[in-house]
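Each chain is listed here by its residues.
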Amino acid sequence: MEAHVQLAVNGQAVEVDVEAEMPLLWALRDVLHLTGTKYGCGVGACGACTVHVDGQAVRSCVTPVSAVAGKRVVTIEALGTARRPHPLQAAWIAEQVPQCGYCQSGMLMAAAALLERKPKPSDAEIDEAMSNICRCGTYQRVRAAIKRAAGVKA
Amino acid sequence: MKRRTLLLAGATGAGALVVGWLAVPQRSRLGSPGLLPVRNGEVALNGWIKVGADGAIVLAMPRSEMGQGVYTALPMLAAEELDVPLASVRVERAGNDTIYGNVATVLAGLPFHPLDDEREDGFGRAKAARWVVGKIGRELGINATGGSTSVVDAWEVVRTAAATARASLLGAAALQWKLPVDELKVRNGVVSHASGPSAHYGELARFAAATPPGTVRLKAREDWSLIGKPAPRLDLPAKVDGTARFGVDVRPPGLKFAAVRLCPMLGGAPGRVDASVASKMPGVERLVMLPAYGGSTAGFAVIAKTSWHAMRAAAAVDVQWEQRPAGPLDSARIEQQLEAAVRSGDGYAFHSSGDVDAAERRASRTIEAWYRAPFLAHATMEPMNCTARVADGKVEVWAPTQVPLMARDIAARVAGVPAEAVTVHVPLLGGGFGRRLEVDYVGVAVRVAMDAGGAPVQLLWPREEDTTHDFYRPMHVVRLRAAVEDAQVASLRIDSAGDAITPRWFQRAMPPLAGPVDLPDKTTSEGLFDLPYAFPNQRMAHTATRSGVPVGFWRSVGHSHNAFFSESFIDELAGAMQVDPVEYRRGLLRHAPRYRAVLDLAARRAGWGTPLPAARARGVALHESFGTIVAQVAEVSIDAGGPRVHRVVCALDCGTVVNPTIVAQQMESAVVFALTAALHGRIDIKDGQVQQRNFPDYRMLLAAQAPHVETWTVASERPPAGVGEPGVPPLAPAVANALFALTGKRLRSLPLNLAAADA
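Conventions we followed
- Residues numbered from 1 in each chain as written.
- Chains lettered and ligands numbered in written order.
- Predicted model: local features only at pLDDT ≥ 70, side-chain atom pairs only at ≥ 80, totals over all residues.
- Helix = DSSP H or I, 4+ residues; strand = E, 2+ residues; numbered from the N terminus.
- Rg over C-alpha atoms; globule rule 2.2 N^0.38 Å.
- Buried ≥ 20, exposed ≤ 12 C-beta atoms within 10 Å, placed from the backbone.
- Contact = placed C-beta atoms within 7 Å.
- Domains from an automatic or database assignment.
- Nonpolar A, V, L, I, M, F, W, Y, C, P; charged D, E, K, R; others polar.
- UniProt positions renumbered as here; feature names shortened; annotations may be inferred.
- Pairing = 2+ DSSP bridges.
- Axes fitted to C-alpha atoms, helices over the stretch in contact; angles between N-to-C directions.
- pLDDT = per-residue confidence, 0-100.

Considerations on the overall build of chain A
Stage number 1. For chain A, the helix and strand inventory stands at 5 helices and 5 strands.
Stage number 2. Expected size for 154 residues packed as a compact globule is a radius of gyration near 15 Å; at 15 Å, chain A falls within 12% of this value.
Stage number 3. Overall, chain A is about 50 × 30 × 25 Å in size when its C-alpha atoms are taken along their principal axes.
Stage number 4. Counting all 154 residues of chain A, 56% fall into the buried class.
Stage number 5. Counted over contacts in chain A with a minimum sequence separation of 6, partners at least 24 positions apart contribute 60%.

Description of the domain arrangement of chain A
Residues and elements named next belong to chain A.
Stage number 1. What the domain assignment lists for chain A is domain 1 (2-78) and domain 2 (87-150).
Stage number 2. Computed over C-alpha atoms, the centres of domain 1 and domain 2 are 21 Å apart.
Stage number 3. Listed as interface residues are 15 residues of domain 1 and, on the opposing side, 12 residues of domain 2.
Stage number 4. Those elements that provide at least two residues to the side of domain 1 that touches domain 2 are strand 3 (50-53) and strand 4 (56-59).
Stage number 5. Here the element with the most residues in the side of domain 1 that touches domain 2 is strand 3; it accounts for 3 residues.
Stage number 6. Per-class residue counts for the side of domain 1 that touches domain 2 are 6 nonpolar, 8 polar and 1 charged.

Observations regarding the UniProt feature "domain: Aldehyde oxidase/xanthine dehydrogenase a/b hammerhead" (unreviewed entry) in chain B
Stage number 1. Mapped onto this structure's residue numbering, the UniProt feature "domain: Aldehyde oxidase/xanthine dehydrogenase a/b hammerhead" (unreviewed entry) falls at residues 241-325 of chain B.
Stage number 2. End C-alpha atoms of residues 241-325 of chain B are separated by 49 Å, and the span's content is 16% helix alongside 36% strand.

Re the sheet that holds strand 15 (residues 385-391) of chain B
All names here are of chain B.
Stage number 1. Strands sit in the order 10-11-8-18-15-16-17 across an open sheet of 7 strands; the sheet is mixed. Whereas interior strands pair on both sides, the edge strands pair on one side only; in this sheet they are strand 10 (284-290) and strand 17 (422-425). For this sheet, the mean inter-axis angle between neighbouring strands, taken without regard to orientation, is 20 degrees.
Stage number 2. As paired elements, strand 16 (residues 394-398) and strand 17 share 4 bridges and run parallel to each other. Counterpart to Trp398 in the pairing with strand 17 is His425.
Stage number 3. Relative to the sheet, helix 13 (residues 404-415) contacts strand 15, strand 16 and strand 17, its axis offset from that of strand 17 by approximately 140 degrees.

A short note on the interface of chain A and chain B
Stage number 1. Taken residue by residue, the interface counts 47 residues in chain A and 47 residues in chain B.
Stage number 2. Where the side of chain A that touches chain B is concerned, the elements lending two or more residues are helix 1 (24-31), helix 2 (87-94), helix 3 (104-117), helix 4 (123-129) and helix 5 (139-150) of chain A.
Stage number 3. If you tally residues by element for the side of chain A that touches chain B, the top one is helix 5 of chain A, at 4 residues.
Stage number 4. A class-by-class count of the residues in the side of chain A that touches chain B yields 24 nonpolar, 16 polar and 7 charged.

Brief notes about the sheet that holds strand 6 (residues 190-192) of chain B
Residues and elements named next belong to chain B.
Stage number 1. The strand order across the open sheet built from 3 strands is 5-6-7, with neighbouring strands paired in antiparallel fashion. One side of each edge strand has no neighbouring strand; the edge strands of this open sheet are strand 5 (185-187) and strand 7 (198-200). On average, each strand axis in the sheet is tilted by 25 degrees relative to the strand beside it, whichever way the strands run.
Stage number 2. Both strand 5 and strand 6 contribute to a ladder of 3 bridges, which runs antiparallel. By the bridge assignment, Arg187 is partnered in strand 6 with Val190.
Stage number 3. Here helix 6 (residues 150-177) sits on the sheet in contact with strand 5, strand 6 and strand 7, set at roughly 45 degrees to strand 6.
Stage number 4. The strands that helix 7 (residues 201-209) touches are strand 6 and strand 7; relative to strand 7, the one it contacts most, it runs at about 85 degrees.

What to know about the confidence of the model for chain B
Stage number 1. Summing up the model confidence of chain B, the mean pLDDT is 93 and the portion of residues at 70 or higher is 93%.
Stage number 2. Scoring the predicted complex yields pTM 0.95 and, for the interface, ipTM 0.98.

What follows is the structure in C-alpha cells.
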C-alpha cells in the first residue's frame, strides 16, 4: 500500500508517496533523485548504499522507509559543502583514495559515522567499521585517509 | 611465415580486411578541427584539442574512465606539451571518428614473445608485423578501453596533437607581433616575449586555427614538468561528494525504470510465463520479453515506476524456464573435458624451441604437475545497466561501456535503425574489468525502451542477475612437465586447455568481423608461451575448447591464471633443484636484464632472505603482461580464517611512468583484486545454473584482510606500457609460493585451499 512517508533528508522535510516497505535506498535514488547513494547488492552486504540515520551508519538497501520516518537522514550530498568539505572528504582527496568511485559514497558515510563514535580509531576499529566492499581495492588509502582526518599516525 | 600471417589475421579478428587496408600515416590521427563541436567561443585546433575563450584546454576523450585514471593521464600528456597547468585541461567525450580508435589494443593481440623486441633475430619480424597491423588498426578505428592500452595508444597521438596546437598558437603570436617564434616563451598557457607583448591561448586561438604549425617537435624528456611526477586525479572531487555520474545515475526527463530477469540456466529461455500477479503490483507498467542479445541469455524485463518496483515485480513473475537445447552446462563436467583435452596432446603450439621430445627421452627424471583455475565473474561494483530512449527513428543510449561504437552498433541492430541514428553517451563506469567490453546489456536496454512509448528507460541488473549472467573468465586446466638432465631443467612442456575468448567476443560484439573459423587466440596461452626463462627446449600448446559457457575478458585475461600455473611451477622446479626461488629465476634470466632488474628490486625491497616473525613466510613471482614486468613478494601467515597476506612488495618496469600516483593505485588495486580471486573466487555451474549469486556467496576481500602494498618502479626511458592489469598475474603464485614455504603444501588449484592441498 502506498503511504505518505515524512522524511527529513539532508536537513529538509520531504514527503514521499511510496510503499512503507520500500527500501530507503530507492526512495533516495529513484524518487528524490539523490543519486550519490549507490545500489550494489540489495542485501546489505556491500555497503555502497550507506547513509546516516540519526548519525548512525545504516545500509539503506535493507532499511524500509517506514523505519526512518521522523528520523534525520543524511546522504553523501550533505556530508560536507563545497566551501566546507567534511575533513574526511579533504583527506580522501589528499590520499587520492577513489578509483572508479562507485563505492566511495558508502565508504565515506561509514567512515564519518566511525569518527563520530571513535574520533581516534585504532586499526582494529577501522577494520570493524569499514566492512564496505571496494572492487578497485582502495582499502589501503581508505585507512590512510581515515587516520589523516582523525589526526592519528598512519 | 604462413603461420604468422594466419595468427596476425586472427589477432585482428578481421582476416578479410587484412587484404584491403589502406596506408594511414600516424599523423592523420590528429584529425581535423571539424571533428570537435565548439560552443561559447571555443576554437578547435585539431581533432583532439580545443581552446576556450579563457585559454582553458578541452581534450577529446575517447576512452572510458572506470577507475584506472585515464581522465587524468591523457590530460597530463596534453598539458605537458601545451605548457598549461593540469587543472586547466578538461575532458569532453570524443565522437566516433576512426582517429579515436585504439590501435594499441589491436597490436596487443599479436602473438609475439615479449623478448622478440630485444632479440636480433625476432625483432625484424615483430616490428614489421606491428607496423602492418598498426595501419590496419588505424583504419578500423576500434574504440576499446581495455588491454591496459589507453596511455600506450595515446602516448604519441595526444602529445603530438597538443604540441601541434601549441606550435600554431605560438605561430599566431609570432605573426601578430612580428617577432621570431623561437624567441617566444609559454608559461601556464600565456605566450610572451621579453620585449613586452603577451597573450593567453584563448586570445590567440582564432588566429592559430589559420596558422600552420610548421615543424612540430615533442618536448625532450629533461624538459618535462608534469610527466613522471605525482599529480592529483581530476575525477576525484566529484567522487567524494556524490556528484559523479555513473550509468545508473543518469536521470533524463520522463525516466522510467526497469529490471531484468534472465533464464537462470545459461543459454536457456523462458517457457510458460504467468505475469498475472506481477502485472497487478503497484507501480508496474509492463513486461517485455527478451531474446538473447550480445551472447547473453533470454528472459524478460519489467518496466515500472522505480527500480525497486521493477525488481519486485520481476521476481513475482511465475516462469517455467527451459534449458538450452544442447543440454545443461556443468562446470565439474567441463573440468573433466578440459583434462581430456590436455591429455589429447593436439593443442596448437604457440611456442616451440629446441627439441622437447629428445630432451624428455634423455632425461634422468621428469617433474610433472597439473594445475587448475575455475570460472570467475567480474562483479563490478556498479551492476550492469543501460539507459535508452527509442523515439522517432532515433536511439539515444547512456551506456557505461568500454566499447562505445559496439554499443552503438548493437543499439542500431536491435532498434532496426542505421548506426547514424544512434547517439551513445558514456558516463563514468563503476568498474569494468573487461565485463563492459560486452554489449549484451545495451541490446537488452534498447529492446525494453522500444516498448516504453518513447520514454527513456533505465534498465538495471539486480546483483543476482549480474553474477549469474556474466561472461566468465574461462576455466583452464594445464599440465606442466620438466625434464631434468645433469641436475638441470633441460625442457619445459606445457599443455593447456580452456575456451578461447576472442573468437566468441567477435561473434557477439562485432559479428561482421568474426571469421568463419576460430583462429588461434593468443589470450589462451599468454603467460605460458611467452615465458622469459632460458630453458633450452620449450613447447607450449593450447587446445581451445568450446564449453558453451559465455566467456569473457577478465582483468589480465589469460595471464590471470597462466601466471599462477607457470610461476608456481617455476617455484616447484627451484625446490627440485634445491635452489632459492629468487636465485633460481635469476639464473634463468641472464639474457633478460629487464626482468632480472625487476626481480632484484622486489627482492631487495622485501628483504628477501632476511628473518621474518615466527609463522610467516615469503613467496615470490615474476610476470610480464601488457608490456609491463611485475615482481611481487608476498608475506603470509595462517590464521583461523585461512591464509593471511600481510604485505606485498611490488616492483615493476612499465617503461616511462606518466603519473606515479596512478601507477601505485593500480598496483594496490590489482593486489586486492587478484587476492580476492586467489582466496575466494570461484563460479560453479550445476544444472545450467551459476551457483553463486551475490556478495555473500561470491566473496570479496574487505579492508580487514587487505595487505599493505608497497610499489617500486624501475626507472626507464622506454615508452609507457600498461599498468591496469599487470599487477594481477603475479599475486596468486606469490601467495601460493609463500604458503608452500610456510607449510610444505603445494596448492595447484584456485582458489587456494589448504584443506584440499596435495602434500
